[in-house]
Amino acid sequence: MDLLIALVGLRFRLEARAIAGSRGRKLGLVVALPALALFSALSALAAFALVRLVSRADPGLLLPVLSAVATLVGLSFVLSPLFAGIAATETHDLSRLMPYPVPLATLVASSLVANLLQPTVLAQLPPLLALALALGGPRLPLAFVGLGLGLLLVIAAGQTVGIALHALSRNRRVHDRVLFAGIGLGVLLSLAPVLVLSRGGSAARRLLMTLLERDVFVLSPFAWSARAAVHAGRGDVLGFLGWSAAAAVALLSAVGLSTAIAGRLYRGELDTGEAGGRSARARIRLPGAIGALVEKDLRVSWRDPRLKAVTLSGVVGPLLLLFLLGQGSSGVGPLQLLLVASIAGLGSVGSNALALERQGLGLLFGFPVDRLVLLVGKNAALVVMRAPVLLSLSLAALVIAGPVVAPAVATVVLLAQVLASAADNYVQVLFPIPMPAAGRDPNAPIAGTRGLAAAAVSLIAMTATLAVIAPFAFLAWLPQLLGETWLFVLTLPLALAGACAVYFMATSGAARLLVRREPELLSRLRGDE
Amino acid sequence: MSDSAARPTPDDGYAIVVEGLTRRFRRQTAVDHVTFRVARGRFFGFLGPNGAGKSTTIRMLTGLLRPSAGDAVIEGARLSGDLLALKRRIGVLTEDLALYERLTGEEHLLFAARMHGLAPAEARRRTLELLEFLTLADERGKLVVDYSQGMRKKLALACALVHGPAVLFLDEPLNGIDPVSGRVVMDLLRRLTARGVTLFFTSHVLDVVERLCDEVAVIDHGRIVAQGTLDEIRAQRELGGGASLEDVYLKLVAADVTREDLSWIS
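Analysis parameters
- Residues numbered from 1 in each chain as written.
- Chains lettered and ligands numbered in written order.
- Predicted model: local features only at pLDDT ≥ 70, side-chain atom pairs only at ≥ 80, totals over all residues.
- Helix = DSSP H or I, 4+ residues; strand = E, 2+ residues; numbered from the N terminus.
- Buried ≥ 20, exposed ≤ 12 C-beta atoms within 10 Å, placed from the backbone.
- Contact = placed C-beta atoms within 7 Å.
- Rg over C-alpha atoms; globule rule 2.2 N^0.38 Å.
- Domains from an automatic or database assignment.
- Pairing = 2+ DSSP bridges.
- Axes fitted to C-alpha atoms, helices over the stretch in contact; angles between N-to-C directions.
- Nonpolar A, V, L, I, M, F, W, Y, C, P; charged D, E, K, R; others polar.
- Expected span 1.5 Å × (residues − 1).
- Core = buried A, V, L, I, M, F, W, Y, C linked by C-beta atoms within 7 Å.
- Parallel < 35°, antiparallel > 145°, perpendicular 65-115°, else oblique.
- Left-handed = near helix turned anticlockwise from the far one by under 90°.
- pLDDT = per-residue confidence, 0-100.

*Asks:* Describe in detail the overall build of chain A, supporting the description with residues and values.
*Replies:* Summing up its helical and strand segments, chain A has 20 helices and 0 strands in all. Burial statistics for chain A: of 529 residues in total, 39% are counted as buried. Within chain A, residue pairs in contact and separated by at least 24 positions form 79% of the contacts whose partners lie at least 6 positions apart.

Given below as structure tokens:
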């Protein structure tokens, strides 16, 4: 027991020290705790109201509805290590404690207890109490015991998934794939509300009703404790005992599975193999330093799951905007397409491409390459990486407005990207933002780097870029406004050439600035200053 | 950057001329008016305890960190002048091994060669030769993220060598490298100095420094406390001819190595 207390205490001390050591985290805690309390209170109200509402409307639906809610909550906890990225499952990393003569079961138990005492978990107690009150009335304690078993099961299952992910992450290739899958799933889920609120929502509602009518969620172990609580409330002691026993078995299985995985993992029995290598000869096909830089950036971004996710998710924003505009009564017209094309190109502002070099920046700055070439290479790589935006919008334009408008949309996206890259060069050199270490979320905050000032700089840069884009976009779009679409043959190359001229003038200035500030920039991005 | 009083002049006999080089980080002075010269083709050992200012000096001399004061001339290229000209002449192996983790070893070396302006065919030839030489050929298709520390060090060293620099700055090049590769690297470095390449070398392995280096400088708390050949330093510090570099070093950094025994370990 002393060991257990010491281990839980150690975890809390480490977490407290991590918060105390960072002003950003302290501030985050000050904001998060009241928000968590409010969320907890609102969840309690919602839980109470849900039970009362369903009990009155259709008592037969109470069990399926509560089972579905319990399953949803359970799945969200279980998948949270995946969404947070494998790096966040360090909380499940017991390897540092393995050299000590402590039984594995004690280590797993200490991790479980520490997880149970987390504020996010404690915040679940008021909703559980409200549920127990709504379900149990005078039999509140019994109903609460049932629901408490459910909470334990959720945390234990989350721990099992966390330890399993940690085991998988020992193989870098598997780690990358799981990380990418987690990020992709997170993006898809974040889009779910939009889809539900749009035309696809009715199908989702029908599917949910069918699942509830057939009581499919009875198969989910997370639902068993909720069913125990419902039976307790109805005075059905046998039903309560039966479902509680099932939930207890699920809980013990989860803890046993955690211990077994941890045991096999740390004794080296869970070998996920070594990452293999490529057998083909490496080549850099594009010519010159710009070509080498473009190929390097493309390869690095494609192989780094986080960078790949950032690149691909850049496509989602413009398409979502197009989708939302399409939901309006008038649908998407040429003007909306122009707007989306201009905004899509702005995505290059705030790319932080130099900082994304991370430790490689020292190597990059060590090369005797003209800094204009270096910036052009980095910008060209970004434009190529954002090609999916250009292609998808061109395709959308082709479908929506026909083959005449599609090249104009593509040109506006491209010239906007080129001009945004020029603006971004200044932002990167004048206001560099350090990058989290490799493997961490590139957009994660580093103390004192992503505050209001950084947001203001990005906003100003975007506004300035929009102002610079406007005349070129107007030139590109002029034939559409005049109804003389044959003029696109002249205006599109002209607009693009003009944008490129402005880009080179601006980037030459940024390159001279880079030469003057290079060591300071490196120091800032390395976190030396 | 520099005070006008400390402007070294290029000298035909010297590959590295450093005058009053200083770097301050807020209130701390990491490198304090460091001055020294290294003759062309010499193997120069730069020694000092952890945090003494070795890596900071290397980062300044390679143009990766701006000095607070002072200047240097490396193979005729002034630190306060055209940094690209300086970077064409040098090869650098930094302590933090600046590498792209998501390139394969072969891609990485090929990329470094191309960024140094080598023609594709020449870049490929040197890449393959270096991979073979540093026993990385079998691992050439692996991503750097999957490399061991020793393999990373060898790859970083290959990147520093690929363009055939006149001056090599090597920060702890043998740290983490297996004994066989260590011997190969040491032999290579010896041959390079014989061909006129100047080596600026830091290491904590003093017997290696003693065997390899023609000349050493010892930095402590940001200041040079001794410089010269080992014999010269022995004479300066009135140490006998039998004193090893380790004895000299411990005396120079005034390190007390006597400790109470841990009696509870049986």
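*Asks:* Let's hear about the overall build of chain B: which residues, and what values?
*Replies:* A count of helices and strands for chain B gives 9 helices and 10 strands. The C-alpha radius of gyration computed for chain B amounts to 19 Å, which stays within 12% of the reference 18 Å derived for 266 residues, consistent with globular compactness. Taking all 266 residues of chain B together, 52% fall into the buried category. If you take every contact in chain B between residues at least 6 apart in sequence, the share linking residues at least 24 apart comes to 67%.

*Asks:* Break down the domain arrangement of chain A for me, with residues and values.
*Replies:* According to the domain assignment, chain A contains domain 1 (2-266) and domain 2 (288-526). The C-alpha-based centres of domain 1 of chain A and domain 2 of chain A are spaced at 40 Å.

*Asks:* Just give me the short version of the environment of Val 409 of chain A, but keep the residues and values in it.
*Replies:* Residues and elements named next belong to chain A. Relative to the helices and strands, Val 409 is located in helix 18 (residues 406-430). Classification of Val 409 as buried rests on a count of 27 C-beta atoms within 10 Å. Considering only alpha carbons, one finds Val 409 and Trp 477, 68 residues apart in sequence, at a separation of 8.5 Å. Residues contacting Val 409, with those up to four places away along its chain left out, are Leu 337, Ala 341, Leu 393, Ser 394 and Ala 397.

*Asks:* So what's going on with the sheet that holds strand 2 (residues 28-39) of chain B? Residues and values would help.
*Replies:* Residues and elements named next belong to chain B. With respect to topology, 4 strands assemble into an open sheet ordered 2-1-4-5, the strand pairing being antiparallel. Every other strand in the sheet has two partners, leaving strand 2 and strand 5 (77-78) as the edge strands with one partner each. Sheet topology places strand 4 (residues 69-74) next to strand 5; 2 bridges connect them, and they run antiparallel. Within strand 5, the residue paired with Ile 74 across the bridge is Ala 77. Sheet contacts for helix 1 (residues 54-61): strand 1 (14-25), strand 2 and strand 4; angle to strand 2, the most-contacted strand, approximately 65°.

*Asks:* Give me the lowdown on the interface of chain B and chain A, citing residues and values where you can.
*Replies:* With 32 residues of chain B at the interface, the matching set in chain A holds 28 residues. Counting residues per element, the ones that place at least two in the side of chain B that touches chain A are helix 2 (83-89) and helix 3 (105-115) of chain B. It is helix 3 of chain B that contributes the most residues to the side of chain B that touches chain A, 6 residues altogether. Class assignment of the residues belonging to the side of chain B that touches chain A gives a composition of 14 nonpolar, 6 polar and 12 charged.

*Asks:* Got a sec to walk through helix 11 (residues 237-266) of chain A? Specific residues and values, please.
*Replies:* Residues and elements named next belong to chain A. With 30 residues, helix 11 should cover 44 Å at 1.5 Å per step; its first-to-last C-alpha distance of 43 Å lies within 8% of that length. Restricting attention to buried positions, one finds in helix 11 the residues Phe 240, Trp 243, Ser 244, Ala 247, Ala 250, Leu 251, Ala 254, Val 255, Ser 258, Ile 261, Ala 262 and Leu 265. Close packing links the buried residues of helix 11 with helix 4 (104-116), helix 7 (140-168) and helix 10 (221-233).

*Asks:* Could you give an account of unusual backbone geometry, naming the residues involved and the relevant values?
*Replies:* All names here are of chain B. Phi at Glu 75 takes a positive value of approximately 45°, unusual for a residue other than glycine. On the secondary structure map, Glu 75 appears in the loop between strand 4 and strand 5. You will see that His 221, though not glycine, has its phi angle at about 50°, which is positive. Mapped onto the fold, His 221 is located in the loop between strand 9 (215-220) and strand 10 (223-228).

*Asks:* Please provide a residue-by-residue account of the nonpolar core, values included.
*Replies:* Residues and elements named next belong to chain B. In this structure, Ile 16, Ile 74, Leu 109, Leu 155, Phe 169 and Phe 200 are the most contacted members of the largest nonpolar core, which totals 112 residues. Take this core: its biggest share by element is 8 residues, from helix 5 (residues 149-161). The contact partners of Ile 16, leaving out residues within four places of it in the chain, are Arg 37, Val 38, Ala 72, Ile 74, Val 167, Thr 198 and Phe 200.

*Asks:* Go over the pairing of strand 3 (residues 43-47) of chain B with me, naming the residues and quoting the values.
*Replies:* Residue and element names in this part refer to chain B. In terms of residue burial, strand 3 counts as a mostly covered element, since 5 of its 5 residues are buried. Pairing between strand 3 and strand 8 (residues 198-202): 3 bridges, direction parallel. Pairing of Phe 44 across the sheet is with Phe 200, part of strand 8. Pairing geometry for strand 3 and strand 9, over 4 bridges, is parallel.

*Asks:* How would you summarise the packing of helix 1 (residues 2-20) of chain A against helix 4 of chain A if you had to cite specific residues and measurements?
*Replies:* Residues and elements named next belong to chain A. Across the interface, helix 1 lies against helix 4 with an axial gap of 9 Å and an inter-helix angle of 50°. As far as their axial angle goes, helix 4 and helix 1 are oblique. As helix 1 packs across helix 4, the resulting crossing turns out to be right-handed. Residues Leu 3, Leu 4, Leu 7, Val 8, Arg 11 and Phe 12 of helix 1 form the contact with helix 4, whose own contacting residues are Thr 106, Leu 107, Ala 109, Ser 110, Val 113 and Ala 114. For the contact of helix 1 with helix 4, the per-class residue count stands at 9 nonpolar, 2 polar and 1 charged.

*Asks:* Describe in detail the packing of helix 14 (residues 334-345) of chain A against helix 18 of chain A, supporting the description with residues and values.
*Replies:* Residues and elements named next belong to chain A. Contact pair helix 14 / helix 18: the axes reach a minimum separation of 7 Å and the direction vectors enclose 30°. When the axes of helix 14 and helix 18 are compared, the pair comes out roughly parallel. In this structure, helix 14 crosses over helix 18, and the sense of that crossing is right-handed. On helix 18, the residues that touch Leu 337, Leu 338, Ala 341, Ser 342, Ala 344 and Gly 345 of helix 14 are Val 409, Val 412, Val 413, Ala 416, Gln 417 and Ala 420. Residue composition of the contact of helix 14 with helix 18, grouped by class: 9 nonpolar, 3 polar and no charged.

*Asks:* Describe the sheet that holds strand 7 (residues 167-171) of chain B, naming the residues involved and giving the relevant values.
*Replies:* Residues and elements named next belong to chain B. Taking strand neighbours across the sheet as the criterion, the 6 strands line up as 6-7-8-3-9-10 in an open arrangement whose pairing is mixed. Either end of the sheet is taken by a strand with one partner, and the two such strands are strand 6 (90-93) and strand 10. Taking each pair of neighbouring strands and ignoring which way they run, the sheet shows an average axis angle of 15°. In the sheet, strand 9 pairs with strand 10 via 5 bridges, with the strands oriented antiparallel. Among the inter-strand pairings, Val 216 is bridged to a residue of strand 10, identified as Gly 228. Most of the contacts of helix 1 go to strand 7, to which it runs at about 150°, and overall it touches strand 3, strand 7, strand 8 and strand 9. Running at roughly 170° to strand 6, helix 5 makes contact with strand 6 and strand 7 of the sheet.

*Asks:* Give a detailed account of helix 1 of chain A, specifying residues and quantitative values.
*Replies:* For helix 1 of chain A, spanning 19 residues, the distance from its first C-alpha to its last is 26 Å, which sits close to the expected 27 Å at 1.5 Å a residue. Here helix 1 of chain A lies mainly on the outside; 1 of its 19 residues are buried.

*Asks:* Just give me the short version of the pairing of strand 1 of chain B, but keep the residues and values in it.
*Replies:* All names here are of chain B. Most of strand 1 sits out of view: 9 of its 12 residues are buried. Counting the residues that bridge the hairpin from strand 1 to strand 2 gives 2 residues, and of these Arg 26 lies at a positive phi of roughly 50°. As paired elements, strand 1 and strand 4 share 5 bridges and run antiparallel to each other. When the sheet's bridge partners are listed, Ile 16 is paired in strand 4 with Ile 74.

*Asks:* Describe the confidence of the model for chain A, listing the residues and the values that go with them.
*Replies:* Confidence along chain A averages 83 in pLDDT terms, with 89% of residues attaining 70 or more. Across chain A, element-level confidence peaks in helix 16 (residues 371-385) of chain A with a mean pLDDT of 93 and bottoms out in helix 1 of chain A with 76.

*Asks:* I'd love a proper account of the environment of Thr 160 of chain A, names of residues and values included.
*Replies:* Residue and element names in this part refer to chain A. Along the chain, the position of Thr 160 falls in helix 7. Judged by the 24 C-beta atoms lying within 10 Å of it, Thr 160 falls in the buried class. Considered as a pair, Thr 160 and Val 108 are 52 residues apart in the sequence and their alpha carbons are 9.7 Å apart. Ignoring sequence-local partners within four residues, the contact set of Thr 160 consists of Ala 254, Leu 257, Ser 258 and Ile 261.

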